[in-house]
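Observations on the three-dimensional arrangement
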Amino acid sequence: VQLQASGGGLVQAGGSLRVSCAASGRTLSMYGMGWFRQAPGKEREFVAAINWSGGNTLYAESVKGRFTISRDNAKNTVYLQMNSLKPEDTAVYYCAAARGTYYYPPKEAYEYDYWGQGTQVTVSS
């Protein structure tokens, strides 16, 4: 599975941005999908995840209520809608795919099998 993240950019605090993750090589319908982010000088952290059917989602406390993860299996694409952005959301955002039809999607990086290259999101104050 090859994952291509896109949609990052520069946005002012309070603004919105949607990043996408398109897959090729294999259908994503049997994979849990997650978004992680890494800010300069910090470790990669979990942001959000969605299970294979889209029926269950998980969010980091820091983004709950502001970010929404969704997927379109027909388009082989996963999205992360980010609203009310804050400067501390500035990071490189990575999408990842985890094999398996789990009821709850995984939230640990080691549980994911494939990773995209990342897209930069910068939130100015």
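Presented here is a report on the structure given in the accompanying data block. Just so we're clear, the structure is a prediction, and the values are computed from it rather than from any experiment.

Within the protein chain, the secondary structure is distributed over 0 helices and 11 strands. Counted from the first residue to the last, the protein chain has its helices and strands arranged as β-β-β-β-β-β-β-β-β-β-β. The dimensions of the protein chain, computed from C-alpha atoms along their principal axes, are 40 × 25 × 25 Å. Pairs at least 24 apart in sequence give 60% of the contacts found in the protein chain among residues at least 6 apart. Working note: accessible area of the protein chain is about 6,300 Å², and carbon and sulfur atoms make up 48% of it. Between the averaged position of the 12 positive side-chain charges in the protein chain and that of its 9 negative side-chain charges there is a distance of 5 Å.

Taken as a whole and assessed by the stated rule, the structure comprises 1 disulfide. Here cysteine 21 pairs with cysteine 95 through a disulfide, and the sulfurs are 2.1 Å apart. Across the S-S bond linking cysteine 21 and cysteine 95, the dihedral sits near 65°, which makes this disulfide right-handed. Taken together, the residues cysteine 21 in strand β3 (residues 17–24) and cysteine 95 in strand β9 (residues 91–99) connect sequence positions 74 residues apart. You'll find cysteine 21 and cysteine 95 in the same group, each marked buried.

In this section: unusual backbone geometry. Look at asparagine 76: it is not a glycine, yet its phi comes out positive at around 55°. Residue class for asparagine 76 comes out buried when judged on its relative accessible area of 14%. A positive phi angle is found at serine 84, which is not glycine, with a value near 50°. Note on placement: serine 84 falls in the loop between β8 (77–82) and β9.

Below, the discussion takes up the packing of aromatic side chains. The description of two aromatic rings rests on the distance between their centres and on the angle between their planes. Evaluation of the coordinates by the stated rule reveals 6 aromatic pairs. Seen from their ring centres, phenylalanine 36 and tyrosine 112 are 5.3 Å apart, and the 80° between their planes marks the pair as edge-to-face. Of this pair, phenylalanine 36 sits in strand β4 (residues 31–38) while tyrosine 112 is found in the loop between β9 and β10 (114–115), placing the two residues 76 residues apart along the sequence. In this pair, the class of phenylalanine 36 matches that of tyrosine 112, namely buried. Aromatic pair phenylalanine 36 and tryptophan 115: ring centres 5.0 Å apart, planes at 55°, arrangement tilted. In this pair, phenylalanine 36 sits in strand β4 while tryptophan 115 sits in strand β10, placing the two residues 79 residues apart along the sequence. Accessibility expressed as a relative area gives 2% for phenylalanine 36, which makes it buried. Taken together, the aromatic side chains of Phe36, Phe46, Tyr112 and Trp115 make up a single cluster linked through ring pairs.

A separate point is the nonpolar core. Of all hydrophobic cores here, the largest spans 37 residues; its most connected members are Leu3, Leu28, Met33, Trp35, Leu80, Met82 and Tyr93. Of all the secondary-structure elements, those providing two or more residues to this core are β1 (2–6), β3, β4, β5 (45–50), β7 (67–72), β8, β9 and β11 (119–124). The residues touching methionine 33, leaving out its near neighbours within four places in the chain, are Leu3, Cys21, Leu28, Ala48, Ala49, Ile50, Ile69, Arg71, Val78, Ala96, Ala97 and Tyr112.

Calculation notes
Residues numbered from 1 in each chain as written. Predicted model: local features only at pLDDT ≥ 70, side-chain atom pairs only at ≥ 80, totals over all residues. Heavy atoms only, no water. Helix = DSSP H or I, 4+ residues; strand = E, 2+ residues; numbered from the N terminus. Contact = heavy atoms within 4.5 Å. Areas by Shrake-Rupley, 256 points an atom, 1.4 Å probe, with all protein chains shown as cover. Lys, Arg positive; Asp, Glu negative; His and termini not counted. Charge placed at Lys NZ, Arg CZ, Asp CG, Glu CD. Disulfide = S-S within 2.5 Å. Buried < 20%, exposed > 50% of the residue type's maximum accessible area, 1.4 Å probe, protein only. Phe/Tyr/Trp six-rings, centres within 6.5 Å; stacked < 30°, edge-to-face > 60°. Core = buried A, V, L, I, M, F, W, Y, C linked by side-chain atoms within 4.5 Å.

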